[in-house]
Every structure is written in C-alpha cells, then in structure tokens.
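Below, each chain spelled out in residue letters.
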Protein chains: 2
Amino acid sequence: MVHNGIEYGVMELIAETYDLMARGLGMKNDEMSRRFAQWNRGELNSYLIEITAKVLAHVDPTTGDWLLNRIQDVAQQKGTGVWTSMSALELQCPVPVIDAAVAMRHLSTWKDKRELASRQLKWPHHFRGEREPFLMQLGNALYAAIIITYAQGMTLLAAASRAFKYDLNLADVARIWRGGCILRAALLEKIRVAYKARPDLHSLLMDPQFSAELMARQNHLRNVVGKITHLGIPAFAFASSLSYFDAYRAERLPANLIQAQRDFFGAHTYERTDQKGTFHTQWQ
Amino acid sequence: MVHNGIEYGVMELIAETYDLMARGLGMKNDEMSRRFAQWNRGELNSYLIEITAKVLAHVDPTTGDWLLNRIQDVAQQKGTGVWTSMSALELQCPVPVIDAAVAMRHLSTWKDKRELASRQLKWPHHFRGEREPFLMQLGNALYAAIIITYAQGMTLLAAASRAFKYDLNLADVARIWRGGCILRAALLEKIRVAYKARPDLHSLLMDPQFSAELMARQNHLRNVVGKITHLGIPAFAFASSLSYFDAYRAERLPANLIQAQRDFFGAHTYERTDQKGTFHTQWQ
C-alpha cells in the first residue's frame with residue numbers, strides 16, 4: 001500500500017512538472033519527451049520518468065496529434081492512495097505529498113466545475129525569465145521533491161512497523177522495490193544504503209547523502225514553487241514537499257499559539273518550555 | 001465535526017501568520033497583538049482573531065515575559081480534525097487546508113526530530129522588502145485563505161448531505177455558527193447570504209461576492225506564499241489554500257498524463273476528449 005502511495009506522489013510530481021512545462025513554458029510534447037529522456041539518464045533515472053518520456057512522444061495514429069493531448073484530464077484511482085493517507089492519519093505520521101496526489105485526482109473529477117470556475121476566477125500566467133536555467137532547476141526540484149516523497153512513505157512504513165510489530169527491514173524493502181515494481185528507480189539504491197547504515201533512521205531527510213543532496217537543491221525547489229505560485233498553475237505536490245521539508249527542519253513551530261488558543265477557548269491546558277507540568281491560564 | 005475541521009484550518013492559518021510575523025519579520029508580541037486587534041475591526045472580524053490578539057498581549061506574571069513565548073510548540077488534538085480529513089477522503093471531496101492543519105499538529109509533536117534536523121538542514125531566512133505594505137498583503141492573504149478554508153468545509157458538508165441524505169440547509173448552518181461557536185465570524189453572514197441565494201452552490205469560490213473578494217486578493221495570497229517559500233518558514237495551510245484555489249479554477253489539469261501512465265503500466269484504460277468510449281494503447 002505504501003509503495004502505491006509513494007507511486008501516487010511521484011506520478012503527481014511528474015504531472016505537475018509536465019503542466020508547468022506545457023502550460024507555463026509552452027513546450028511541445030516532443031521537446032518535453034526529450035527532456036524527460038535526458039533526466040532519465042541521470043539521478044532521476046526511474047521507470048516512471050522513462051514511461052513519461054514515451055507517453056509524451058506517442059503519436060495518435062487516428063488523428064496524427066500527440067495522443068496525450070487527446071486524453072481526458074480526469075484521473076481514476078483504485079484506492080491505495082486513499083488508504084495510505086488514512087493510515088498516515090491513524091498513525092499520526094503525515095505524508096503530505098501523497099495526500100496532495102490523492103486530492104488532485106479527486107479535484108480532477110470536478111471537470112465541469114473547473115471549466116466554469118476557469119472563466120470566473122482568472123489569473124494571467126506568463127512565464128518570465130530564461131527557460132534553460134529554469135528547466136535545470138526544475139529537474140533538481142523534481143529530484144528533491146521525490147526524495148521528500150520517499151522520506152514520507154518510508155517514515156510511515158517505519159511507524160506502521162512499530163505500531164503493528166511488522167519488524168520490517170527497510171533496506172530490504174528498498175532492495176525489493178528496486179527489483180521490479182513501478183517505483184523501480186536508481187534512487188532506491190541510495191535508500192537501501194541509508195537504512196543499511198542506520199536501520200533506525202527516523203527520516204531519509206536526515207541521511208547524510210540525502211541531506212547533502214537536499215541542501216544543494218533546496219534553493220531550486222524554492223524557486224520552482226515560487227514561480228508556480230506566481231504563474232497560477234496548481235502544483236500542490238511540489239508545494240507540499242517543501243512545506244513538509246520546512247516543517248521537519250523547524251526547531252520552533254507556531255504550535256505554541258495553537259495550544260494557547262485551545263487553552264483560551266476550551267481550557268485544554270498547555271505545557272511550558274521552562275517548567276514541567278500542565279498549565280491553564282485565565283486569559284481574559 | 002466539519003465546524004471543528006474548519007476551526008483547525010483557520011487556527012493553523014493564524015499560527016502561520018504569527019510565525020511569519022515573529023520569525024520572518026522579527027515583530028514583537030505587543031506589535032503583533034495590535035495588528036491582530038486592528039484586523040479584528042475589519043473583514044477578518046472573528047472570535048479566533050480576537051483571542052489571538054489577547055493571547056499575544058498576555059504577560060506571564062511569574063517571569064514578566066510574554067506567556068506565549070514560554071508555551072511548548074507541540075500541539076494536541078482531540079480527533080475532530082483527523083475525522084474531517086478522513087470523511088473528506090471517503091467522500092472524495094478534498095479539504096487541503098484542514099489536512100495541512102492536522103499534519104502540522106502531528107509534525108509539531110516530533111519536537112526532538114525537528115531540533116536535530118534544524119541543525120543539519122539549514123536555510124538562512126531574511127525578509128527583504130518593505131514591512132508595512134507586506135503586512136497589508138498578509139492581512140488580505142489571510143482573509144483569502146480563510147474564505148478558501150470555509151469553501152472546502154462547506155463543499156464537504158454539501159457532499160455529506162447528499163451522500164447521507166441529511167438535507168442540510170447551509171444558509172442555516174452559517175447562521176447557527178454565527179450565533180455563538182468558536183468559528184463565529186463576520187464572514188459567516190456573507191456565507192449565509194451566498195447559500196440563501198443559491199442553495200445548490202458547489203463552492204463558495206463561485207459565489208459572486210466571494211469571487212470578487214478572491215480576485216482582488218489572489219495577488220496578495222500569491223505574494224505571501226512566494227515570500228514564505230523563499231524564507232523557508234513552513235506555511236503549509238497558506239500554500240494548500242492557494243493550490244486548491246488554482247486547481248479548482250484549472251480548466252485543464254495534467255491528470256491526462258496520470259491516466260496515460262496508468263494505462264501504460266497497468267492497462268487501466270483512459271477516456272478521450274474527442275471520442276466517447278474507453279481506450280487502451282500499446283504504448284511500447
């Protein structure tokens with residue numbers, strides 16, 4: 001199930017990359033296909049990137065148009081993504097990229113609503129800047145967001161293993177997935193190595209190699225999310241990967257305010273940073 | 001339950017606003033308190049904004065420090081947010097701001113992990129730009145994101161009403177909430193009017209008044225999300241509100257690529273834009 005959840009996340013990230021290239025940069029399918037094929041020869045090497053290049057290049061024999069352009073933009077699903085999101089809620093172990101992928105599939109089914117709204121809630125999207133450097137950043141951002149997606153999924157697997165006593169060996173899981181599933185990707189070898197070295201690693205974000213890769217690419221991920229934000233193209237999975245990354249590495253979160261509000265309106269009490277115990281305040 | 005889900009969303013948006021003001025702009029608590037009090041006299045008028053102003057101004061008698069600064073940044077929850085997210089998954093009716101609020105409460109509990117990660121995954125956050133115009137934009141962005149949160153929650157209520165034959169009158173729901181719950185807000189009167197005029201409204205985003213308010217503020221929401229992205233402060237609820245808005249108003253989504261990928265690796269078939277029926281392609 002978590003394999004499929006990660007698959008949902010990676011597919012959505014690739015779809016958002018395609019949307020940004022096609023609607024944002026105005027690239028043609030063959031040009032995008034070549035870019036994905038090029039990415040597939042580097043660190044992004046994976047079955048899903050490979051088939052994306054092939055899908056983009058496929059010509060419809062009946063119309064002579066790119067087949068992809070004639071496919072309805074309404075995504076179906078069989079349930080494993082939803083189950084992954086539900087398990088993450090139960091185990092209190094967030095998987096926001098997977099949640100975003102599920103939400104985007106659901107939103108895609110509101111086709112008639114979207115068409116209506118597109119005429120009422122307009123925003124002009126014009127890409128400004130140089131295309132080639134941006135595409136380089138986009139490849140790095142995609143790689144970083146995919147690492148973060150795997151990190152979410154693997155941390156969920158570890159939480160499930162603890163909760164349900166599966167005694168999972170995550171290095172073996174990575175090795176098996178590398179063998180021949182839809183997720184098969186060069187990246188999985190690095191994941192295997194990471195868990196082999198530290199079976200109790202809480203998050204792949206903290207593995208030295210992935211940390212270094214993310215540190216080198218976070219600026220590109222930020223630039224891509226920032227650009228998308230201003231273009232008005234939805235890139236919920238990209239944005240969710242960055243939000244998770246920034247929350248995970250936040251020494252302080254504003255949850256103190258949430259605790260104070262809860263104590264204000266419901267006397268739910270709070271803890272302090274400077275004293276042990278449970279406290280309640282008469283705020284008024 | 002949905003009332004509480006929306007409450008989670010609005011509380012998280014306020015918390016992210018506070019984080020951005022405190023960590024991003026370096027504002028002091030009394031200054032932030034005055035800003036929230038000012039916002040509470042305008043379109044943001046609501047109980048949650050009002051108590052935020054009071055919480056920020058509260059001085060701890062034992063230390064003389066702002067009490068909020070001594071409260072642990074680990075949020076608790078009683079479950080209604082998680083239930084709302086689960087119901088949204090079951091009804092295939094996304095509520096991303098509420099999901100983000102739940103995820104951020106869960107992530108807040110990883111306090112020791114966050115402290116470790118903050119030392120390994122660094123990003124220098126320096127606000128650049130003029131503070132006063134940015135604060136004006138921040139208020140508008142908060143208002144827009146709150147509208148989008150209510151839109152998600154009300155659309156979920158309508159979906160539940162259809163699925164379970166509740167026969168809910170959403171104008172009455174808004175009127176009752178306005179009466180005396182934690183959500184009580186000036187905004188609810190506009191929501192009542194919207195559903196009174198069109199009981200079958202699919203989304204508040206499409207109500208003429210809210211559409212106009214969002215059109216006037218989307219640029220500010222984009223600027224705030226873009227700024228946060230570059231500051232490295234997690235603002236998952238803000239980002240999720242914008243992603244939902246942009247997905248809802250997207251005539252075309254890249255779900256065609258997801259359908260093509262699914263057909264490639266699993267022969268799951270797809271529909272076409274130019275012909276009726278269900279299709280499968282030999283992609284290789």
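The structure presented is a predicted model; accordingly, all values stated were derived computationally and were not measured.

### Some thoughts on the overall build of chain A
Reasoning step 1: When its secondary structure is counted, chain A shows 12 helices and 0 strands.
Reasoning step 2: Each helix and strand of chain A, ordered N terminal to C terminal, gives the series α-α-α-α-α-α-α-α-α-α-α-α.
Reasoning step 3: A compact globule built from 284 residues should have a C-alpha radius of gyration of about 19 Å, and chain A, at 21 Å, falls within 12% of that.
Reasoning step 4: Dimensions of chain A, computed from C-alpha atoms along their principal axes, come out at roughly 70 × 50 × 35 Å.
Reasoning step 5: The proportion of buried residues among the 284 residues of chain A is 63%.
Reasoning step 6: Contacts in chain A between residues far apart in sequence, at least 24 positions, make up 66% of those at least 6 positions apart.
Reasoning step 7: As displayed, chain A offers around 10,700 Å² of accessible surface, 50% of which is attributable to carbon and sulfur atoms.

### Things to note about helix α2 (residues 29–40) of chain A
All names here are of chain A.
Reasoning step 1: Here α2 contains 12 residues, and its C-alpha end-to-end distance of 16 Å stays within 8% of the 16 Å for a straight helix at 1.5 Å per residue.
Reasoning step 2: All of the buried residues along α2 are N29, M32, S33, R35, F36, W39 and N40. Around the axis of α2, the buried residues are gathered within 160° of arc, so they sit on the same side.
Reasoning step 3: Lining the buried residues of α2 we find α1 (2–24), α3 (47–57) and α7 (131–164).

### Let's talk about the relation of the copies chain A and chain B
Reasoning step 1: Here chain A sits on chain B after a turn of 180° about the axis and a move of 0.0 Å along it, with an RMSD of 0.0 Å. With respect to symmetry, the two chain copies, as superposed, fit the operation of a two-fold axis. Relative to the rotation axis, the closest C-alpha in chain A is found at G226(A), a distance of 2.4 Å.
Reasoning step 2: Most of the interface of chain A is mirrored in chain B: 100% of its interface residues are interface residues there too.

### A short note on the nonpolar core
Reasoning step 1: Formed by 209 residues in total, the largest nonpolar core has its most connected members in Y150(A), I191(A), L204(A), F238(A), Y150(B), I191(B) and L204(B).
Reasoning step 2: Other than its neighbours up to four places away in sequence, F238(A) contacts L13(A), E16(A), T17(A), L138(A), A141(A), L142(A), A145(A), L221(A) and V225(A).
Reasoning step 3: In this structure, A101(A), V102(A), M86(B) and V102(B) belong to the second largest nonpolar core, which totals 12 residues.

### Some thoughts on the interface of chain A and chain B
Much of the literature gives interface size as the accessible area that the parts lose upon coming together.
Reasoning step 1: Listed as interface residues are 116 residues of chain A and, on the opposing side, 116 residues of chain B.
Reasoning step 2: Seen at the junction of chain A and chain B, the total is 6 salt bridges.
Reasoning step 3: Taking the shortest distance from any N to any O, the salt bridge between R70(A) and D274(B) comes out at 2.7 Å.
Reasoning step 4: Here chain A and chain B share 38 residue pairs in polar contact (both at pLDDT 80 or more) between them.
Reasoning step 5: Those elements that provide at least two residues to the side of chain A that touches chain B are α1, α3, α4 (80–90), α5 (96–108), α6 (111–120), α10 (208–231), α11 (236–248) and α12 (255–266) of chain A.

### Some words on the side chain of H202(B)
Reasoning step 1: Within the secondary structure, H202(B) is located in the loop between α9 (187–197) and α10 (208–231).
Reasoning step 2: At a separation of 2.7 Å, a polar atom in the side chain of H202(B) contacts the side chain of Y248(B).
Reasoning step 3: When neighbours within four sequence positions are excluded, H202(B) is seen to be in contact with W110(A), K113(A), T155(B) and Y248(B).

### A look at the side chain of S240(A)
Reasoning step 1: In this fold, S240(A) is placed in helix α11.
Reasoning step 2: Overall, the relative accessible area of 0% leaves S240(A) in the buried class.
Reasoning step 3: If we ignore the near neighbours within four places in the chain, the residues touching S240(A) are P96(A), V97(A), A100(A), Q152(A) and F236(B).

### So, the pattern of salt bridges
Reasoning step 1: Here the structure, examined in full by the defined rule, presents 38 salt bridges over all chains.
Reasoning step 2: Among the ionic pairs, D60(A) bridges to R272(B), the shortest N-O distance being 2.8 Å. One end of the pair, D60(A), is in the loop between α3 and α4; the other, R272(B), is in the segment after α12 (255–266), on a second chain.
Reasoning step 3: On the basis of relative accessible area, D60(A) is assigned to the buried category, the value being 4%.
Reasoning step 4: Note that E43(B) is salt-bridged to R217(B), the shortest N-O span being 2.8 Å.

### A few points about the layout of surface pockets
All names here are of chain A.
Reasoning step 1: Considering only enclosed or pocket space, the largest pocket measures out at about 290 Å³ in volume.
Reasoning step 2: Lining the largest pocket are 15 residues, with A158, L168, L170, P199 and D200 sitting closest to its centre.
Reasoning step 3: Within the residue set of the lining of the largest pocket, elements represented by two or more residues are α7, α8 (170–180) and α9 (187–197).
Reasoning step 4: Considering every element that reaches the lining of the largest pocket, the biggest residue donor is α7, with 3 residues.
Reasoning step 5: A per-class count over the lining of the largest pocket returns 7 nonpolar, 3 polar and 5 charged.

About the criteria used
- Residues numbered from 1 in each chain as written.
- Chains lettered and ligands numbered in written order.
- Predicted model: local features only at pLDDT ≥ 70, side-chain atom pairs only at ≥ 80, totals over all residues.
- Heavy atoms only, no water.
- Helix = DSSP H or I, 4+ residues; strand = E, 2+ residues; numbered from the N terminus.
- Rg over C-alpha atoms; globule rule 2.2 N^0.38 Å.
- Buried < 20%, exposed > 50% of the residue type's maximum accessible area, 1.4 Å probe, protein only.
- Contact = heavy atoms within 4.5 Å.
- Areas by Shrake-Rupley, 256 points an atom, 1.4 Å probe, with all protein chains shown as cover.
- Expected span 1.5 Å × (residues − 1).
- Arc of directions from axis to C-beta.
- Least-squares fit on C-alpha atoms with pLDDT ≥ 70 in both.
- Core = buried A, V, L, I, M, F, W, Y, C linked by side-chain atoms within 4.5 Å.
- Salt bridge = Lys/Arg side-chain N within 4 Å of Asp/Glu carboxyl O.
- Polar contact = N/O pair within 3.5 Å; in protein donor to acceptor, adjacent residues only side chain to side chain.
- 1 Å grid on protein atoms, 1.4 Å probe; cavity = no way out; pocket = protein on both sides within 12 Å on 5 of 7 lines; lining within 4 Å.
- Points joined across faces, edges and corners; volume = space filled by probe spheres on them.
- Nonpolar A, V, L, I, M, F, W, Y, C, P; charged D, E, K, R; others polar.

So, to be careful, I would describe these as geometric facts and stop short of saying anything about function.
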